[in-house]
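Structural description and commentary
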Number of protein chains: 2
Amino acid sequence: MTDRLLELFEQAEGAFISGEDISSKLQISRTAVWKQVERLREQGYLFEAVSRKGYRLLAKPEKLDIARLLAGLQTERFGKTVKYYDQVDSTQTIAHALVQEGAAEGTLVIAEQQTAGRGRMGRKWHSPKGKGLWMSLILKPNLPLQLTPQLTLLFAVALCRTIRNVCSVEAGIKWPNDLLIHGRKISGILLESSAEDERLQHVVAGVGISVNLEKEDYPSELLSIATSLAIEAGHPIDRVELLCRFLLELEQLYGLYQEKGFGAIKLLWELLTVSLNRPIRCQTAQGVVEGISESIDDSGALMVRLPDGTLHRLYSGDVEFR
Amino acid sequence: MTDRLLELFEQAEGAFISGEDISSKLQISRTAVWKQVERLREQGYLFEAVSRKGYRLLAKPEKLDIARLLAGLQTERFGKTVKYYDQVDSTQTIAHALVQEGAAEGTLVIAEQQTAGRGRMGRKWHSPKGKGLWMSLILKPNLPLQLTPQLTLLFAVALCRTIRNVCSVEAGIKWPNDLLIHGRKISGILLESSAEDERLQHVVAGVGISVNLEKEDYPSELLSIATSLAIEAGHPIDRVELLCRFLLELEQLYGLYQEKGFGAIKLLWELLTVSLNRPIRCQTAQGVVEGISESIDDSGALMVRLPDGTLHRLYSGDVEFR
């Protein structure tokens, strides 16, 4: 039904169509017309409704131009195989299934919309249609399990550098891998890894970037803690360009890391972070940790100076600035 | 067909049945009779064959007495839910599926026989019928990913202590988690873990113990490197008792570890290992490492003193004694 409605609007080429017209052409009630228009709105179509004139289609949801993506990619492996979906529950779920089928390192799963996007600690990730980059990248690093958290930091560094370069906004990294602009979150990174004894088998890296979301796209409870690149930059961002640059940055840093180790990545992370030398508070399984965040160690843990002068190693948790 | 053949032998109550008799009763050729008997032999049935008398059944494969297991278990959680199978491809595969269905910590999958038992680094694990303990235990430790290798060592400690106590044989741990008696392998431990960023989600711990295998049960290429508890102890071992004791030891050490950390486990491991203070050689992704194994560190890595006097941290690999 929405397909037939869209057809009518396409034929009208931006002119108004009255509800009565639609109703008779599609043989549905006026209420049903309104419902169908609402459904299209949820999918990212933009309509103007004027009483006595009816509706006209102002804009269609933007689709990622995959041909342009593949043409623009300067990587050797990352994103060279792309699985592109209009709507999925979660790109992570699809990527895990692809791993089971033997997908190669660098395979990218990307969707215009996730209906059940996953964040850290079982939280949901808001991923509306056509406005962000919601993706999962398959990696098969030949790494000891103990070093996986270094990869988590590497992802944050690659994304932060890309966003700064492409959008000219002051993004910073909150330990371990959240990206913030003016204290509000613009991306989420979630590395799901599988290991056999002390060797990593594969990693499915989920990356969500809120690119062109507008304030109206956020549920009200998220507005104070989340933002988008478009809101911060003051103009829409070309998603294809952002993605090409991110995959290249990521592949280069990953290569550097595989070859030379964590040293350079750690330095870059420290340059880009907003989490060091601040009074912090963190709820852990062992209780609340409060102190001054001093550094990260080679395992990616946050070293916190406690009030009694000792250093506490924080492996994971949600850190609050006090 | 094997079912009907077994029925005949059951009715004979240990007396000989001629091949001709079987052939006419089952309406199959003499060659087919021989093939069916061989098939039963592979499943652990023991036959005597005497020319002109025929075959008689001497022993049936031992089945784990699950009722006795559940009655004998002194654990609080480990093994309280048991999934018992006659034959599976791999208990690991089944345990992973159970995790997806929400199985509780401590759930045990155990099989009389594995047709595709998995070992470290994609190797096969020889798991013939009724002779061993082939199992997988589901754990959901609240641990940072970096500490998973400590769990690997914990499993080796628990199994080594159990075997020493129950069988009075001199088992020792080869880093990280192989158990050896007189230089031959008697068990394999494989921890397959899943993590979300820096937090472990679950671990499926595969443990294979060669309990009552006899020399004839090993393919010839394994005889020089593998042995069983029965061969080393000189008598069969009660699998149910061994399993009860192992699960209890494991649960107690796991509780100690969760509460007090790695210190005590590390001490026990060092007491039981055969891997320290020896000239070793190890092929790693970065090349061959040769030196003297000095200690393990808190991440479970093996610290190797190189000829130039520096210490090398070995995260994983197959260590050879020189």
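Residues numbered from 1 in each chain as written. Chains lettered and ligands numbered in written order. Predicted model: local features only at pLDDT ≥ 70, side-chain atom pairs only at ≥ 80, totals over all residues. Heavy atoms only, no water.

The line we're drawing: UniProt positions are given in the numbering used here, feature names are shortened, and annotations may be inferred rather than shown by experiment.
As annotated in an unreviewed UniProt entry, chain A is Bifunctional ligase/repressor BirA from Paenibacillus cremeus. The heading Function (unreviewed entry) in the UniProt record of chain A holds the text "Acts both as a biotin--[acetyl-CoA-carboxylase] ligase and a repressor." The heading Catalytic activity (unreviewed entry) in the UniProt record of chain A holds the text "biotin + L-lysyl-[protein] + ATP = N(6)-biotinyl-L-lysyl-[protein] + AMP + diphosphate + H(+)".

Examining helix α8 (residues 239–260) of chain B
All names here are of chain B. Heads up, the rule is: A helix here means a DSSP run of H or I that spans at least four residues, while a strand means a run of E at least two residues long, and both kinds are numbered starting from the N terminus. A helix's residues, less one, multiplied by 1.5 Å, set its expected span. Polar contacts, as used here, are pairs of N or O atoms within 3.5 Å; protein pairs need one atom able to donate a hydrogen and one able to accept it. Residues neighboring in sequence count only if both atoms are side-chain atoms.
For α8, built from 22 residues, the straight-helix expectation of 32 Å at 1.5 Å per residue is met to within 8% by its first-to-last C-alpha distance of 31 Å. The backbone nitrogen of valine 240 lies 2.9 Å from a side-chain oxygen of the residue at the head of α8, namely aspartate 238. Two residues or fewer after α8 comes glycine 261, characterised by a positive phi angle close to 90°.

Considering the sheet that holds strand β15 (residues 311–314) of chain B
Neighbouring strands of a sheet are bound in pairs by backbone hydrogen bonds; such pairs are parallel or else antiparallel. Residue and element names in this part refer to chain B. What counts here: Here the rule is simple: two strands pair whenever DSSP picks up at least two bridges between them. Helix axes are fitted to C-alpha atoms over the stretch in contact, other axes to C-alpha atoms as well, and angles between N-to-C directions run from 0 to 180 degrees.
An order of β15-β14-β13-β12-β16 is seen for the five strands of this open sheet, with the pairing classed as antiparallel. One side of each edge strand has no neighbouring strand; the edge strands of this open sheet are β15 and β16 (319–321). Sheet twist, expressed as the average angle between the axes of neighbouring strands with direction ignored, equals 45°. Two strands pair when backbone bridges link them, and strand β12 (residues 279–284) and β16 are joined in this way by three bridges, in the antiparallel orientation. Looking at the pairing, arginine 281 lines up with glutamate 320 of β16.

Details of the side chain of serine 210 of chain A
Keep this limit in mind: The rule is simple: take the accessible area with a 1.4 Å probe, protein chains only, and divide by the maximum for that residue type; under 20% is buried, over 50% is exposed, in between is partly exposed.
Relative to the helices and strands, serine 210 of chain A is located in the loop between β9 (199–209) and α7 (229–233). Judged by relative accessible area, which is 4%, serine 210 of chain A ranks as buried.

Focus: the interface of chain A and chain B
Applicable threshold: Any two residues whose heavy atoms approach within 4.5 Å at even a single point are treated as in contact. By convention, the term buried area covers the 1.4 Å-probe accessible surface removed from two parts as they join, with the contributions of both added. Salt bridge criterion: a side-chain nitrogen from Lys or Arg within 4 Å of a carboxyl oxygen from Asp or Glu. Under the grouping applied here, Gly and all other residues not named as nonpolar or charged are polar, the nonpolar ones being Ala, Val, Leu, Ile, Met, Phe, Trp, Tyr, Cys and Pro and the charged ones Asp, Glu, Lys and Arg.
Contact residues are listed per partner, giving 30 residues for chain A and 30 residues for chain B. When chain A packs against chain B, close to 2300 Å² is buried across both sides, 48% of that on carbon and sulfur atoms. When the buried area of chain A at its contact with chain B is split by residue, Gln146, Asp197 and Tyr315 of chain A rank highest and sum to 29% of it. At the junction of chain A with chain B, the criterion picks out zero salt bridges. Counting every contact that joins chain A to chain B gives eight residue pairs in polar contact (both at pLDDT 80 or more). Within the residue set of the side of chain A that touches chain B, elements represented by two or more residues are α6 (148–167) and β8 (184–196) of chain A. If you tally residues by element for the side of chain A that touches chain B, the top one is β8 of chain A, at eight residues. The class makeup of the residues in the side of chain A that touches chain B is twelve nonpolar, twelve polar and six charged. Bridge count for β8 of chain A against strand β10 (residues 184–196) of chain B is five bridges, and the pairing is antiparallel.

A few points about the sheet that holds strand β10 (residues 279–284) of chain A
All names here are of chain A. Taken together, five strands build an open sheet; the order of strands is β13-β12-β11-β10-β14 and the sheet is antiparallel. Among the strands making up the open sheet, the edge pair consists of β13 (311–314) and β14 (319–321). In this sheet, adjacent strand axes meet at a mean angle of 45° when their direction is disregarded.

Topic: the UniProt feature "binding site: biotin" (unreviewed entry) in chain A
Residue and element names in this part refer to chain A. In the numbering used here, UniProt assigns the "binding site: biotin" (unreviewed entry) feature to Gln114, Arg118, Gly119, Arg120 and Lys185. Its place among the elements puts glutamine 114 in strand β4 (residues 108–114). In this structure, glutamine 114 is in contact with Val88, Asp89, Ser90, Thr91, Trp125, Ser127 and Trp134, ignoring residues within four places of it in sequence. Among the polar contacts made by the side chain of glutamine 114, one reaches the main-chain amide nitrogen of threonine 91 at a distance of 2.9 Å.

Overview of the relation of the copies chain A and chain B
Put simply, the rule reads: The fit set for superposing copies consists of C-alpha atoms from residues with pLDDT of at least 70 in both; the fit itself is least squares.
Mapping chain A onto chain B calls for a rotation angle of 180° and an axial translation of 0.1 Å; the resulting RMSD is 0.2 Å. The superposition operator between the copies reduces to a two-fold rotation axis. By residue overlap, the copies meet face to face through one surface: 100% of the interface positions of chain A are interface positions in chain B.

Topic: the packing of aromatic side chains
Residue and element names in this part refer to chain A. This is how the line gets drawn: Any two of the Phe, Tyr and Trp rings considered here, Trp counted by its six-membered ring, make a pair once their centres fall within 6.5 Å; the pair's planes then place it as stacked at under 30 degrees, edge-to-face at over 60, or tilted in between. Here, a charge over a ring means that NZ of Lys or CZ of Arg falls within 6 Å of the ring centre while also lying within 35 degrees of the ring normal.
Scanning the entire structure with this criterion turns up four aromatic pairs over all chains. Considering the side-chain rings of phenylalanine 9 and phenylalanine 47, the 5.0 Å spacing of their centres and the 55° angle between planes classify their relative orientation as tilted. You can see phenylalanine 9 sitting in helix α1 (residues 2–12) and its partner phenylalanine 47 sitting in strand β1 (residues 46–50), a full 38 residues away along the chain. When sorted by exposure, phenylalanine 9 lands in the same class as phenylalanine 47, which is buried. The side chain of arginine 278 reaches across the aromatic face of phenylalanine 321, ending 3.7 Å from its centre.

A few points about the domain arrangement of chain A
Residue and element names in this part refer to chain A. For clarity, the threshold we go by: An automatic or database domain assignment is the source of the domain bounds shown.
Per the domain assignment, the segments making up chain A are domain 1 (2–59), domain 2 (66–272) and domain 3 (279–321). Domain 2 and domain 3 are separated by 25 Å when their C-alpha centres are compared. Taken together, the contact between domain 2 and domain 3 spans twelve residues of the former and 14 residues of the latter. A buried area of about 1100 Å², summed over both sides, lies between domain 2 and domain 3, and 60% of it is on carbon and sulfur atoms. Ranking the residues of domain 2 by area buried against domain 3 places Lys174, Trp175 and Lys266 at the top, with a combined share of 53%. Counting the contacts that link domain 2 with domain 3 gives zero salt bridges. Seen at the junction of domain 2 and domain 3, the total is four residue pairs in polar contact (both at pLDDT 80 or more). Counting only elements with at least two residues in the side of domain 2 that touches domain 3, the list comes to α6 and α9 (263–272). Along the lines of polarity and charge, the residues of the side of domain 2 that touches domain 3 split into six nonpolar, one polar and five charged.

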